[in-house]
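# Tertiary structure, described
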Amino acid sequence: MAKQTAATKKPSSGNAQDFSKYIRRFWILFTGGIFLFFFMFLLASWGLLGEMPDHTILENPKTFLATEVISSDDKTLGKFYLDDNRTPVDYEELPKELIDALVATEDIRFYEHAGIDFRGTLRAISKFGSGGGASTVSQQLAKQLFTKQVSSNKFQRLFQKVREWVIAIRLERQYTKEEIIAMYFNIYDFGNNADGIRSATRIYFGKEPKDLDLKESAMLVGMFKNSSLYNPRPHRNPEGVKNRRNVVLAQMYKYDYISEVKKDSLQATELDLNYSPESHREGTATYFRAYLDKFMKDWIKDNPKPDGSRYNLYNDGLKIYTTIDSRMQRYAEDAVARHMPRLQAEFDNQNTPDRNPTAPFVDLDKNEIKDLMDVSMRRSERWRLMSAAGKSDKDIRASFEKPAQMSIFSWKNGQPIEIDTVMKPIDSMRYYKSFLQPGMMSMDPQTGHVKAWVGGMNYRHFQYDHVKQGKRQVGSTFKPFVYATAIDQLHLSPCDTIPRQQITIEANKYGNPLPWTAKNSDGRYDGFLTLKSALGNSVNTATARLMDKVGPEPVVDMAKNLGITANIPAVPAIALGTPDISVYEMVAAYATFANKGVYNKPVMVTRIEDKNGTVLYQFTPETKDVLSAEVAYTTVNLMQGVVEGGSGSRLRDAYRVNQTLFKEIGTGYPYELKNPIAGKTGTTQNQSDGWFMGMVPNLVTGVWVGAEDRAAHFQSIAYGQGAAMALPIWGLYMKSCYADEELDISLDEFERPENLSIEVDCKKWKGNDGDGSDFGDELDDVLDF
């Protein structure tokens, strides 16, 4: 027999025993590993590896939900939150490409497993994690929901992993696959206050989740890897995010979700962010949201939950449905943003050191300026905080003189910017006093619904609200209240004529301690004019004559009935607008004239719902009859004269305006609004305040412009009048509203009451000079007062 080769030799008995020993050890280790694996599962399910959520918590995982502010056209205006800016969406609101990108990248066997991908787990173990992780979407959701802090200790992290596996299986039993996907997208923190997919799509792309395209979906799914590392903002890691997005697209191609052509074309594109931060000081309707914050806190105090606890504005996921129209709000903010830098540039030009050594103040000496700044210091937030901390007045004053690093607001090429600089706090206060500020509100007079609210230029730097919080002298915008009182009491007509000459109301006749005489801004006191021309051209002596006839008390009563809550002394001088009144109250008062004499209290919130859609609050309209429809219509007819041939005529024609300096600051001119408009300009003493109140049948809008301190103002009425400071904002806003036909802003005439007994169709109210100011001898009915 031939010798056996080495290759064919049978193993010796010793080698055979060694081989059997290795096999036994393998099966012991394998069986032990399986036992240990299931034993750890058992320990985790008993809660011995960390607290386990029970079925009630699994049914309602605790997540903090931001309160959402919703416009009348169903757009999100903003949110109230502290840490979590989260608003959940349903699975149906997620685009298919977003879901495909998630499955292709994070869990390709998502629809096959029951929470744990055993194939992926074995692969990860066999390659010691070098071939990628094996966490399923369900496990990642369990981690996001119930692992408060990932342990850095390997053994503790292993226990956490096992616990997450158990929770993942339970989640799969509790929810459908679609619900798990929606929960995962809703729970993830995408960075930059983008908690959940809805916030992420709004912040990074300015759109809702359903409107995402493929490359946007791929970018967001790519951020699941690590949103802190893969932050797409320009100063963070946009290149890394782009690379990660391209990995997602490659995964989608690998698993046949997209073609190679589409993959290649999208991988070559940029991120194309439309970064829109969502914070309390940024975004849309910031001043309105600041008002709403206070409104909600007051409401929460008076409306506890059924169990007696209070709602949390920042965590309970309330939905606040408001009357603000997001489109009209945008048009209002755009109008302010276009006009204010142009107006400010002219104001700055007139307040250079060589033209005004005390800039921005006018006609104040050094001591008066020192006193003014001292008052401002004491009212400042710095003073309040340091005083509360126990600092002395001396220390606080010293802090205002110490240079500090700060970011200040400025305009550059018509755009708001921030400038990092070093400045004394006292100097920064004076710097900010040089800015002109706007206040604007727009309201539907028939419902009282407020459609737009702009309380200032930039909420981040100027947080004082000039719609409801601020009250300023209203100037000639108060005159319609005087005219309405006279029409109501004396049955006057816009066609009635009145002398232009001065009138002096003797001392103590109406509580005035001294004789009071009104003066006209143009210095003219000759001839006669109609009431329509008198109001249209804001002739002070005519208004004073009406005030003398009806007396201040009825005018004050009229203003109060129109919703004015400010203190108005019953003296003749109020005829020219000396009271301080807010834009909010002025708009509501004027809306009464447009609404046939019926006052509607402004409405900002229509209803409040909890996170489940249960209605917690429904507004109840507050209305009252103030004037007859006849008196209201006649007053409106008078105010139409302001636009037809008076101080507001620049809304219509270019001829008169071209003869003035208006072209320099009349942003957006010509407006060419040909439809019926009623309105009133207002300018206070020294041009400290400029107003324009304008209305059409279904929209009333008021605009105020002025500086923080009345001592800061234009020195010339050509620039400082309401028709130059405030009217352009109104014109720009209305042009935008009319261009958006979906808004259905009225172009019609104001509705005329049936059987109108007051003559309003004046055959002639324009005079020889074309402005209705001089009738000579052609008079039919001169009022005898």
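So, here's what we can say about the structure.

Scoring rules and cut-offs
- Residues numbered from 1 in each chain as written.
- Predicted model: local features only at pLDDT ≥ 70, side-chain atom pairs only at ≥ 80, totals over all residues.
- Heavy atoms only, no water.
- Salt bridge = Lys/Arg side-chain N within 4 Å of Asp/Glu carboxyl O.
- Helix = DSSP H or I, 4+ residues; strand = E, 2+ residues; numbered from the N terminus.
- Buried < 20%, exposed > 50% of the residue type's maximum accessible area, 1.4 Å probe, protein only.
- Pairing = 2+ DSSP bridges.
- Axes fitted to C-alpha atoms, helices over the stretch in contact; angles between N-to-C directions.
- Disulfide = S-S within 2.5 Å.
- Parallel < 35°, antiparallel > 145°, perpendicular 65-115°, else oblique.
- Contact = heavy atoms within 4.5 Å.

## Some remarks on the pattern of salt bridges
- Per the counting criterion, the structure on display carries 39 salt bridges.
- Where Lys424 meets Glu401, a salt bridge forms, and the shortest distance between an N and an O atom there is 3.8 Å. Note that Lys424 is positioned in the loop between strand S5 (415-423) and helix H17 (425-432) and Glu401 in the loop between helix H16 (393-400) and strand S4 (404-412), a separation of 23 residues in sequence.
- Exposure remark for Glu401: the relative accessible area of 43% places this residue in the partly exposed category.
- For Asp689, the salt bridge is made with Arg710, and the minimal N-O distance between the two is 4.0 Å. Placement of Asp689 in strand S19 (residues 689-696) and of Arg710 in the loop between strand S20 (699-707) and helix H25 (717-720) is noted, with a sequence separation of 21 residues between them.
- Classification of Asp689 by relative accessible area gives buried; the value is 0%.
- Under the relative-accessibility criterion, Arg710 is labelled partly exposed at 34%.

## Section: the sheet that holds strand S15 (residues 605-609)
- Taken together, the five strands give an open sheet; going across it, the order is S2-S1-S3-S15-S16, and neighbouring strands pair in mixed fashion. Edge positions in the open sheet fall to strand S2 (76-80) and strand S16 (615-618), since each of these has one partner strand only. For this sheet, the mean angle separating the axes of adjacent strands, direction not counted, is 15°.
- Summarising the sheet, strand S1 (residues 67-70) and S2 pair through four bridges and their orientation is antiparallel. Looking at S2, one finds that Thr67 is bridged to Phe80.

## Some thoughts on the sheet that holds strand S7 (residues 450-454)
- The five strands lie next to each other as S7-S6-S20-S19-S18, forming an open sheet whose pairing is antiparallel. Either end of the sheet is taken by a strand with one partner, and the two such strands are S7 and strand S18 (678-683). Neighbour-to-neighbour, the strand axes of this sheet turn through a mean angle of 5°, independent of strand direction.
- As defined by bridge partners, S18 adjoins S19 across six bridges and the pair is classed as antiparallel. Along S19, the bridge assignment pairs Thr681 with Phe692.

## With respect to the state of the cysteines
- Summed over all chains, the structure comprises one disulfide.
- Residue Cys495 pairs covalently with Cys762 via a disulfide, S to S 2.0 Å. As the torsion about the S-S bond is roughly -95°, the Cys495-Cys762 disulfide counts as left-handed. Placement of the pair is Cys495 in the loop between helix H18 (479-490) and strand S9 (497-499) and Cys762 in the segment after helix H27 (727-739), with a sequence separation of 267 residues.
- Judged by relative accessible area, Cys495 falls into the partly exposed class, the value being 22%.
- The buried category is assigned to Cys762, whose relative accessible area is 17%.

## What about the packing of helix H3 (residues 96-106) against helix H7 (residues 177-187)?
- In contact at an axis separation of 12 Å, H3 and H7 are set at 90° when each is read in the N-to-C sense. With respect to their mutual orientation, H3 and H7 come out roughly perpendicular. In this structure, H3 uses Leu98, Ile99 and Leu102 to contact H7, whose residues at the interface are Ile181, Tyr184 and Phe185.

## Overview of H7
- Within H7, nine of the eleven residues are buried, leaving the element largely enclosed by the surrounding structure.
- Within H7, the full set of buried residues consists of Lys177, Ile180, Ile181, Ala182, Met183, Tyr184, Phe185, Asn186 and Ile187.

As far as function goes, none of this settles anything; it's purely spatial.
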